[in-house]
Protein chains: 2
Amino acid sequence: MNKSFVSADDVAKRAGVSRSAVSRTFTPGASVSEETRQRVMKAAQALGYHVNQLARGLMRSESGIVCLVVSEMDTPYRAGLVRALTHELQKAGKISMLINTDRSDGSVDAALRQTLHYRADASILLSGLPDKAITRLCLDSGQRIVLINRDDDIEGPFRINLDDGHAARVAVHAFLRAGCRYLAFANSEVGTPSLMARERGFIAAAAEFGLAVTVVRCGNTVYESGRKIAQTLFTEPNRPDAVFCVNDLMAFGLMDGARHDFGLRIPQDLCVVGFDDIEQSAWTSYGLTTFSQPVDEIVKNSIAWLGDREAEPASEVPPVRLHAPLIWRQSVRATQRVIS
Amino acid sequence: MNKSFVSADDVAKRAGVSRSAVSRTFTPGASVSEETRQRVMKAAQALGYHVNQLARGLMRSESGIVCLVVSEMDTPYRAGLVRALTHELQKAGKISMLINTDRSDGSVDAALRQTLHYRADASILLSGLPDKAITRLCLDSGQRIVLINRDDDIEGPFRINLDDGHAARVAVHAFLRAGCRYLAFANSEVGTPSLMARERGFIAAAAEFGLAVTVVRCGNTVYESGRKIAQTLFTEPNRPDAVFCVNDLMAFGLMDGARHDFGLRIPQDLCVVGFDDIEQSAWTSYGLTTFSQPVDEIVKNSIAWLGDREAEPASEVPPVRLHAPLIWRQSVRATQRVIS
DNA sequence: CGCCGTTTTGCAAGCGTGTGCAAAAGTTTC
DNA sequence: GAAACTTTTGCACACGCTTGCAAAACGGCG
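Residues numbered from 1 in each chain as written. Chains lettered and ligands numbered in written order. Predicted model: local features only at pLDDT ≥ 70, side-chain atom pairs only at ≥ 80, totals over all residues.

**Considering the relation of the copies chain A and chain B**
Once chain A has been moved 0.0 Å along the axis and rotated by 180 degrees, it coincides with chain B to within an RMSD of 0.1 Å. Read as a symmetry element, the transformation amounts to a two-fold axis. Ranked by how close their C-alpha atoms come to the rotation axis, the residues of chain A are headed by Met97(A), at 2.2 Å. Of all interface residues in chain A, 100% are interface residues in chain B too; the two copies therefore contact each other through one and the same surface. (Least-squares fit on C-alpha atoms with pLDDT ≥ 70 in both. Contact = placed C-beta atoms within 7 Å.)

What follows is the structure, encoded as structure tokens:
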């Protein structure tokens, strides 16, 4: 009761065996007789012994730690991803360290440095882009790196991306089927490769049908930005009748602005498509037609890559490109509008 | 370039000093001459050396690890809390481990066991209730425990709670001022002490004015539950004109149900108050009047308690009880309704 | 009982770090 | 220049664990 952790030595002493025996008892697949194992277990139970993973990680090459580096993690999409990742990592016997990179400027680099401090087996980056040098350092230290939706050109990390261009194309088709003619694209000023890919894809697909796209970029990928974009978009002379928002949150802001400030009805006067399919999209007030982030697939791929001890160096492996299906709800007309 | 972490020995060799010198260079407050410090730093830089926190944690009693144990962490309130906690912990030089307790049954206990494995300095519990025995074990191992909004009667952990009862009383007053007469309370079946405290407080305060409260409990504290409660509440003979929802998410479900399925106008026909003040409450579609979780205060108190190395055993310290102010938006009438 | 093959067990060397202690080096004072 | 301090440095042990290795124990067989 002296306020300190109990060690394997204590257990060994109590069970009347050597320290090796207790170590082997807690090492799956080690050679211990059933009798001693029982003895050790009983002693461990009584003392409240727990293997010290720090010390274990010192001997083995693996620490069992996986770092998740993420900023603005209360964003619904990110929060959901973190939840799913931690859950599956735990099932795989790993523990997750969460590194918050909310402070800008070199924060991702600092985060990766932290992962080195704790000898993490792997790092999963959900946001930000790491410096090349520090990435190299991690990789050289034997750490694995997974980049999710950060379409980076660094070689070495395992990259998981979406078919953003294809999704944008699907959005155009959906709008055309609904009889929309004036397309707009609501983007942020963040300029992440995947966001820009959606923009380019949308414009290109529209061009194939001879349609121009009004592009507005504003602030961060948040509700307020959508709200502001609604202001600029619907006060223009020829207002769009279809908007593809780079993100569900922006879509909500845009919808609220369109309805509240301009009295537009959705989908009768305006069709909206979002991206992420976060929980709120299904709420009755929005009923947003949106592309679904294949969270489970993303997680599955990440874990598989981490688990596969003898996998190729990632430079050989092409990025995984996952499909984001369109989830139909009520923010896009299913059929062409009849002009009455 | 042999895929492994570089150790202090490597640095020492390269800098032509002893390993102790390296260790001292990276230990704030240790005695090293400026010259050797420079030499060591240069060598460390060149090799990409990083102190191994696992090994350091083995020597010192502190690992620098703080565990956050939380379930359903993609819930907006929880996600925000986790974000704020990780941010402040990092500022305090700690690193956070995230333990997901989504699987029910004994999962919190398993989580605490994990914290022991990694010799965490402290654990912060945002959800679930730990077993008493395992809590004791953590405390005896010298670990600190913080319980946030889990109004538990275990002695030892540091407890942070809200003045739920008082908030409920404020809600009743708000409704009365708006001229509401038929009060209802929308709860979940979760039965957490703090949720029940809100329920009891609401009923008691209403009783003081001779008013009865219709209580409905349903499912989890999520949107769908609110939706369902709207169904049962507004099909009743004398429908309520004011509902206090235990949670913002449920409030949104209730509002959507009231508006969409029953054509009720808010706040003209129905006043609603929520709890948490999550981001969505400020969205135009909802404009929910709600009690604000003092996230910053919660975080500040937690960190202060962890940082204070020589603090009293928590059994001496009474739970901190924080105030949750009511944030006025549009879901409650400011003045009494004029019956026309 | 002796021989041989198979477990089981303890020893001891490591993993990468911090730190007390005494020796070495440097600084001040007389 | 020696004595008395102060600062810096290296040694060696400790932290709690894993694991290769060889000795010990065990079991079967002739």
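Picking up where we left off.
**Focus on the protein's contact with DNA strand D**
Taken together, 26 residues lie near DNA strand D, and Ala8(A), Ser23(A), Asn52(A), Ala55(A) and Ser18(B) sit nearest. Every element with two or more residues in the surface near DNA strand D is listed here: helix H2 (19-25) and helix H4 (53-59) of chain A together with helix H2 (19-25) and helix H4 (53-59) of chain B. (Near = placed C-beta within 6 Å. Helix = DSSP H or I, 4+ residues; strand = E, 2+ residues; numbered from the N terminus.)

**Looking at the nonpolar core**
Of all hydrophobic cores here, the largest spans 96 residues; its most connected members are Cys245(A), Leu254(A), Val272(A), Cys245(B), Leu254(B) and Val272(B). With residues near it in sequence (within four places) discarded, Val272(A) still touches Val243(A), Cys245(A), Ala251(A), Leu254(A), Met255(A), Ile266(A), Leu288(A) and Ser331(A). Core analysis: the second largest hydrophobic core is formed by 84 residues, Met73(A), Leu116(A), Ile303(A) and Tyr118(B) among them. (Core = buried A, V, L, I, M, F, W, Y, C linked by C-beta atoms within 7 Å. Buried ≥ 20, exposed ≤ 12 C-beta atoms within 10 Å, placed from the backbone.)

**Let's talk about the domain arrangement of chain A**
Here chain A is described as being made up of domain 1 (3-51), domain 2 (65-162 + 295-322) and domain 3 (164-293). The straight-line distance from the C-alpha centre of domain 1 of chain A to that of domain 3 of chain A is 61 Å. (Domains from an automatic or database assignment.)

**With respect to the protein's contact with DNA strand C**
Taken together, 26 residues lie around DNA strand C, and Ser18(A), Ala8(B), Ser23(B), Asn52(B) and Met59(B) are the ones closest in. Of all the elements in the fold, those that place two or more residues in the surface near DNA strand C are H2 and H4 of chain A together with H2 and H4 of chain B. Its residues placed into classes, the surface near DNA strand C shows 12 nonpolar, 10 polar and four charged. (Nonpolar A, V, L, I, M, F, W, Y, C, P; charged D, E, K, R; others polar.)

**Structural notes on the sheet that holds strand E10 (residues 289-292) of chain A**
Residues and elements named next belong to chain A. Taken together, six strands build an open sheet; the order of strands is E7-E6-E8-E9-E10-E12 and the sheet is mixed. Across the chains shown, the open sheet's two edge strands, defined by having one partner strand only, are strand E7 (213-217) and strand E12 (326-327). As judged from the four bridges shared by strand E9 (residues 271-276) and E10, these two strands associate in the parallel manner. Residue pairing in the sheet places aspartate 276 in a bridge with serine 292 of E10. (Pairing = 2+ DSSP bridges.)

**A word on the packing of helix H1 (residues 8-15) of chain B against helix H3 (residues 34-47) of chain B**
All names here are of chain B. Running from N to C, H1 and H3 point in directions that differ by 120 degrees, and their axes come no closer than 9 Å. Viewed along their axes, H1 and H3 adopt a mutual orientation that is oblique. Along this stretch, H1 crosses H3, giving a crossing that reads as right-handed. Residues Asp10, Val11, Arg14 and Ala15 of H1 form the contact with H3, whose participating residues are Arg39, Val40, Ala43, Ala44 and Leu47. Across the contact of H1 with H3, the residue classes break down as six nonpolar, no polar and three charged. (Axes fitted to C-alpha atoms, helices over the stretch in contact; angles between N-to-C directions. Parallel < 35°, antiparallel > 145°, perpendicular 65-115°, else oblique. Left-handed = near helix turned anticlockwise from the far one by under 90°.)

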